[in-house]
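# Observations on the three-dimensional arrangement
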Amino acid sequence: GITTSIAVLSFVTRHLHSRDYGRYVVVTSLMLIVTALTEGGIASLGVREFAGAPGPERREFMRSLIGIRFALSTLGGGGAIAFALIVGYQRVVVEGTAVAAIGLVLANLQVTLTVPLTAALRLPWLAVLDFLTPAVTALGLVVLVVVGGPLLPFFAAAVLAYAVSLGLTAALVRSQVTLRPAFNLGRWRALLRDSAVFAAATALGTIYFQVVVVAMSVITNAQQTGVFSLAFRILSVVNGIPV
């Protein structure tokens, strides 16, 4: 997955140039911040609860987990769009944030559906899913470069990848999980209470790194943000190796 990101980086940067590439990275950084704030340790907590729950209760637990993830993702995506409007980003950035917000919902649902796979240690399928999303995203980006696409469709490449990954994950767990969410506020409060400390640590570990790009987009011009974003993106990709 890291290799595909590295391979596609030069194609995308040369095609979009510094200004549009900076806008692209600003939106992806904004989405990563929102993901950290809305993830809440739910996936890790979900694995623990799913593994320890009796068989009949697992389906209802997953319905609540899907419900809370859908609600938080929708709220976070709306917050990201509102932020883009408030700070006065260009129209293409606001539209790109809206597209990316759809991807945020799909990505978080996909992560939630991997809970049964993780609990059962179905590691080969987890490896396939980990690779599938960046691979499909990279393929979509290369196609857009080849056809000379404008900036906005580049945000949709990840959405397509999340949709493919979500479809495969849903097929793998269809016997254990229903995609019909449950909006049980009592269970939601219990889940969020248990995950609060873990959520705070996860959010801080992500936000401090990504917020710099968002800050650059507000305090400086598009050219400087683009140059900074390229260096930032190289660092963030390579940083995935030791992780």
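A brief look at the structure comes next. Please read these numbers as outputs of a predicted model, since none were measured by experiment. (Residues numbered from 1 in each chain as written. Predicted model: local features only at pLDDT ≥ 70, side-chain atom pairs only at ≥ 80, totals over all residues. Heavy atoms only, no water.)

## Observations concerning the overall build of the protein chain
Scanning the protein chain for helices and strands turns up nine helices and zero strands. Mapped from its N terminus to its C terminus, the protein chain presents α and β elements in the order α-α-α-α-α-α-α-α-α. Whereas a compact globule of 243 residues would reach a radius of gyration of roughly 18 Å, the protein chain reaches 18 Å, a difference of no more than 12%. C-alpha extents for the protein chain along the principal axes are approximately 55 × 35 × 30 Å. Counting over 243 residues, the protein chain shows a buried share of 46%. Across the protein chain, every contact between residues at least 6 apart in sequence was considered, and the portion connecting residues at least 24 apart equals 84%. For the protein chain, the computed accessible surface area is about 12,000 Å², with 69% contributed by carbon and sulfur atoms. With 16 positive and 8 negative side-chain charges, the protein chain shows a spacing of 3 Å between the two charge centroids. (Helix = DSSP H or I, 4+ residues; strand = E, 2+ residues; numbered from the N terminus. Rg over C-alpha atoms; globule rule 2.2 N^0.38 Å. Buried < 20%, exposed > 50% of the residue type's maximum accessible area, 1.4 Å probe, protein only. Contact = heavy atoms within 4.5 Å. Areas by Shrake-Rupley, 256 points an atom, 1.4 Å probe, with all protein chains shown as cover. Lys, Arg positive; Asp, Glu negative; His and termini not counted. Charge placed at Lys NZ, Arg CZ, Asp CG, Glu CD.)

## Brief notes about the pattern of salt bridges
Under the definition given, this model contains three salt bridges. With a shortest N-O distance of 3.3 Å, R63 and E60 are connected by a salt bridge. Of this pair, R63 and E60 both sit in helix 3 (residues 55–86), three residues apart, roughly one helical turn. Of the charged contacts in the structure, one is a salt bridge between E95 and R91, with a shortest N-O distance of 2.8 Å. Taken as a pair, E95 and R91 lie in helix 4 (residues 91–113) at a separation of four residues, close to a single helical turn. Of the residues examined, R91 reaches a relative accessible area of 68% and is grouped as exposed. (Salt bridge = Lys/Arg side-chain N within 4 Å of Asp/Glu carboxyl O.)

## Focus on the packing of aromatic side chains
Enumeration over the complete set of coordinates arrives at four aromatic pairs. On the basis of an interplanar angle of 20° and a centroid distance of 6.5 Å, the ring pair of F228 and F232 is categorised as stacked. Of this pair, F228 and F232 both sit in helix 9 (residues 222–238), four residues apart, which is roughly one turn of the helix. Taken together, the ring pairs in this structure connect Y21, Y24 and F155 into an aromatic cluster. Seen from the ring of F50, R58 lies directly overhead, with NZ or CZ sitting 4.7 Å from the centre. (Phe/Tyr/Trp six-rings, centres within 6.5 Å; stacked < 30°, edge-to-face > 60°. Lys NZ or Arg CZ within 6 Å of the ring centre and 35° of its normal.)

## Some words on the environment of P181
Relative to the helices and strands, P181 resides in the loop between helix 7 (152–172) and helix 8 (185–219). Take P181: its relative accessible area is 27%, and that puts it in the partly exposed class. Between the C-alpha atom of P181 and that of E39, which follows or precedes it by 142 residues, the distance is 17 Å. What P181 contacts, discounting residues up to four positions off in sequence, is R63, I66 and G67.

## Focus: the packing of helix 6 (residues 123–147) against helix 7
At a minimum axis distance of 8 Å, the contact between helix 6 and helix 7 shows a crossing angle of 150°. As far as their axial angle goes, helix 7 and helix 6 are roughly antiparallel. Note that helix 6 runs across helix 7; the crossing there is right-handed. Only P153, F154, A157, A158, L160, A161, Y162, V164, S165, L168, T169 and L172 of helix 7 make contact with helix 6, whose side of the interface consists of W125, V128, L129, L132, T133, V136, T137, G140, L141, L144 and V145. Class assignment of the residues belonging to the contact of helix 6 with helix 7 gives a composition of 18 nonpolar, five polar and no charged. (Axes fitted to C-alpha atoms, helices over the stretch in contact; angles between N-to-C directions. Parallel < 35°, antiparallel > 145°, perpendicular 65-115°, else oblique. Left-handed = near helix turned anticlockwise from the far one by under 90°. Nonpolar A, V, L, I, M, F, W, Y, C, P; charged D, E, K, R; others polar.)

## Digging into the nonpolar core
V12, L16, Y21, Y24, Y89, L141 and F154 are the most contacted members of the largest nonpolar core, which totals 31 residues. The element best represented in this core is helix 1 (residues 2–39), accounting for 13 residues. The residues contacting F154, other than those within four sequence positions of it, are V12, H15, L16, Y24, L141, L144, V145 and G149. By size, the runner-up hydrophobic cluster in this structure holds 24 residues, among which are L65, I68, L129 and L166. (Core = buried A, V, L, I, M, F, W, Y, C linked by side-chain atoms within 4.5 Å.)

## Some words on a nonpolar patch on the surface
Where nonpolar side chains cluster on the molecular surface, the patch consists of I2, I6, L230, I234, V238 and I241 and spans about 470 Å² of accessible area. Breaking the nonpolar patch down by element, the ones donating at least two residues are helix 1 and helix 9. Top contributing element to the nonpolar patch by residue count: helix 9, with three residues. Mapped onto the secondary structure, L230 falls in helix 9. (Patch = residues over 30% accessible without salt bridge, like charges linked within 9 Å, V, L, I, M, F, W, Y side chains within 5 Å.)

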